[in-house]
Amino acid sequence: MRIAVNKSRKFSSLFKRIVGSKLNLEITGICTDSRECKNGDLFISILGSKLNGNNFLKEVERKGAHAALVPNKENNVDIQQIIVEDPKDSIAQVANEWRNQFDISIIAITGSNGKTSTKDLLVHVLSKKFNVHATKGNFNTSIGLPLTLLELNELHDISVIELGANQKGDIKNLCEISNPTHGLITNISPAHYEGFGSIGAIIKTKGALFEYLKNGTSFVNMADDNVASIKTSGVKISYGTTPDCDFLADIRREKNRNLSIAINNKKILSASKNLSFIKNSIAVFSVAKTFGIKTKEIKSQLKSFSPPSGRCQIKNFDKITVIDDTYNANLVSCMAALEYLKALNVGGRKIFVFGDMLELGELSKKEHFKVGEKCKDLNLDLVYTFGIESKVTNSVLIGSIQNSHFVSRSNLISKLKQTLIPGDQVLFKGSRGMAMENIISEVFKT
């Protein structure tokens, strides 16, 4: 991870006040990854269970780093080393102080599924009226969020940040760093279950966002029982499909199989068959209207939005339609993606290439079983499963749907090359660790 520092003097002054040490040379960037280090950077040495950032001090020195924030000093390194108890905590304190210089609304988004897609869509809509600062890529952790905040400047009118959580307490910690004024939880399901141990722990961790907003505004998804159960003490704005919502939505499928929504009786047609996109649109509509965006402008921005790489992107290769939804996977997103595959109305076979859903712990078998049941319910033509956990999915399909299981990536790629024919519609889906996008690249040589 790396960012550029455009206000070097201002940053150095703030850094000295918070950390207590003067930076000897001008800092033009901050990085946590030695591979991305550039001349003039401040390197943040992260000490983790598998990695010691100090091991890369020689490398960042060769690349021209001007200083390093370290937990202990290394000999034979010629750049300035600033010793602190925990470099990650120190840069977070600097980022918090940097953020607090700006009197703007900061909208924090978290959730088990769809937070990045919702963030990207909201940024696209809000940009119609505001100069929007936002989280880039996966800068949504205790390491990445401080770098995101340090990119804030005087030209920004509003900020949309993403908060990620893998274990208990993560969201509370990220709120204390970013001090959000508004918050939205997309949904809550057993994603990253291994790090939490129970759905109750996930609800409590994600719910820390609403708890933090005692003087702020919470956007509450009433269509998700887990989100709806979280208490809010500040301003509450609700959206969903139940009558008591501030933004009441009705989702419909048109004759051409595209989805539409009516929100408070304002109909919005879409060119999408993706239910996840429509659900995200309802959340975004509620936020955008609250911030004064006109309905006509929201409609226009929703229509012009293109999903980022790996999130239900439609691609065509020699008359084969590919749904690239490879960015990540949990049960909720898999169900939505399968519905999307079924809704495509271009003829040909419906094929699902499914990699493991990871970090589900004791729920893994049950969740992978449900994916198999969904494939049967939708009567797909062919399902290929890949990995270890998805073997359960494959077992559900035996005797009902044409299926095969693969533990070898190369064997799966070879089989796909032999099997796919023009007219096929193929959904690729799996957790980030399964790198399903590489299978697409190999099969179609992109």
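Above: the structure in question.
Note that the structure is a prediction, hence the values are computed from the model and not measured.

What follows deals with the nonpolar core. Membership of the largest hydrophobic core comes to 54 residues, with the highest contact counts inside it found for Phe 11, Phe 15, Ile 30, Leu 42, Leu 150, Leu 163 and Leu 209. Sorting elements by how many residues they give to this core places helix α7 (residues 199–212) first, with six residues. Discounting chain neighbours no more than four positions away, the residues touching Phe 11 are Val 5, Leu 23, Ile 27, Ile 30, Leu 42, Val 94, Trp 98 and Leu 150. Counting 35 residues, the second-largest nonpolar core is a separate cluster that includes Leu 184, Ile 268, Val 284 and Ile 293.

Scanning all chains against the criterion turns up zero disulfides. Cys 37 takes part in no disulfide bond, and the closest cysteine sulfur to it belongs to Cys 31, at a distance of 4.0 Å. Of the cysteine sulfurs around Cys 334, a residue in no disulfide, the closest is that of Cys 375, at 8.7 Å.

A few words on the pairing of strand β16 (residues 320–325). The element β16 is extensively covered by neighbouring structure, given that six of its six residues are classed as buried. Along β16, one buried face is formed by Ile 320, Val 322 and Asp 324 and the opposite face, lined by Thr 321, Ile 323 and Asp 325, is buried too. Here five bridges tie strand β15 (residues 313–317) to β16, and the two strands are oriented antiparallel to one another. Bridging across to β16, Asn 316 finds its partner in Thr 321. Hairpin connection from β15 to β16: two residues lie between these consecutive antiparallel strands, with Asp 318 at a positive phi of about 50 degrees.

Let us now look at the pattern of salt bridges. Summed over the entire model, instances satisfying the criterion amount to 18 salt bridges. Between Glu 367 and Lys 370 there is a salt bridge, with its nearest N and O atoms 3.9 Å apart. Placement of the pair is Glu 367 and Lys 370 together in helix α12 (residues 364–377), with a separation of three residues, close to one helical turn. Of the residues examined, Lys 370 reaches a relative accessible area of 33% and is grouped as partly exposed. For Lys 376, the salt bridge goes to Glu 373, with nearest N and O atoms at 3.9 Å. Separated by three residues within a single helix, Lys 376 and Glu 373 lie in helix α12, roughly one turn from each other.

Our next topic: the packing of helix α1 (residues 8–19) against helix α3 (residues 87–99). Across the interface, α1 lies against α3 with an axial gap of 10 Å and an inter-helix angle of 125 degrees. Judged on the interaxial angle alone, α3 and α1 are oblique. Where α1 crosses over α3, the two elements pack in a sense that is right-handed. Where α1 approaches α3, its residues Lys 10, Phe 11, Leu 14, Phe 15, Arg 17, Ile 18 and Val 19 are matched on the opposing element by Gln 93, Val 94, Glu 97 and Trp 98.

Right, let's get into α3. Between its first and last C-alpha atoms α3 spans 18 Å; for 13 residues at 1.5 Å apiece the expected length is 18 Å, and the two agree. Among the residues making up α3, those that are buried are Pro 87, Ser 90, Ile 91, Ala 92, Val 94, Ala 95, Asn 96, Trp 98 and Arg 99. Buried residues along α3 sit in contact with α1, β3 (41–44), β4 (67–70), β6 (105–110), α5 (144–149) and α6 (170–178). For α3, the side-chain oxygen to backbone nitrogen distance between the N-cap and Lys 88 is 2.9 Å, and the N-cap itself is Asp 86.

Here the focus is the sheet that holds β15. Working definition: the strands of a sheet are paired by backbone hydrogen bonds and lie parallel or antiparallel to each other. Strand order in the open sheet made by the six strands is β15-β16-β20-β17-β18-β19, with mixed pairing throughout. One side of each edge strand has no neighbouring strand; the edge strands of this open sheet are β15 and β19 (402–406). Averaged over neighbouring strand pairs, the angle between their axes works out to 15 degrees when direction is ignored. As paired strands, strand β17 (residues 350–355) and strand β18 (residues 382–386) are joined by five bridges and run parallel to one another. What sits directly across from Val 353, in β18, is Tyr 384. Of the strands in this sheet, β15, β16, β17 and β20 (425–429) touch helix α11 (residues 331–343), which is tilted by about 170 degrees from β20.

For the rest of this paragraph, the subject is the packing of aromatic side chains. Taken as a whole and assessed by the stated rule, the structure comprises eight aromatic pairs. Ring geometry for Phe 277 against Phe 305: centres 6.3 Å apart, planes inclined by 15 degrees, an arrangement best described as stacked. One end of the pair, Phe 277, is in helix α9 (residues 275–290); the other, Phe 305, is in the loop between α10 (295–304) and β15, with 28 residues separating them in the sequence. The exposure class assigned to Phe 277 is buried, which follows from its relative accessible area of 16%. Relative accessible area serves as the criterion here: at 16%, Phe 305 is assigned to the buried category. Its end group placed over the ring of Trp 98, Lys 10 keeps NZ or CZ at 5.5 Å from the ring centre.

Rules of the game
Residues numbered from 1 in each chain as written. Predicted model: local features only at pLDDT ≥ 70, side-chain atom pairs only at ≥ 80, totals over all residues. Heavy atoms only, no water. Core = buried A, V, L, I, M, F, W, Y, C linked by side-chain atoms within 4.5 Å. Buried < 20%, exposed > 50% of the residue type's maximum accessible area, 1.4 Å probe, protein only. Helix = DSSP H or I, 4+ residues; strand = E, 2+ residues; numbered from the N terminus. Contact = heavy atoms within 4.5 Å. Disulfide = S-S within 2.5 Å. Pairing = 2+ DSSP bridges. Salt bridge = Lys/Arg side-chain N within 4 Å of Asp/Glu carboxyl O. Axes fitted to C-alpha atoms, helices over the stretch in contact; angles between N-to-C directions. Parallel < 35°, antiparallel > 145°, perpendicular 65-115°, else oblique. Left-handed = near helix turned anticlockwise from the far one by under 90°. Expected span 1.5 Å × (residues − 1). Polar contact = N/O pair within 3.5 Å; in protein donor to acceptor, adjacent residues only side chain to side chain. Phe/Tyr/Trp six-rings, centres within 6.5 Å; stacked < 30°, edge-to-face > 60°. Lys NZ or Arg CZ within 6 Å of the ring centre and 35° of its normal.

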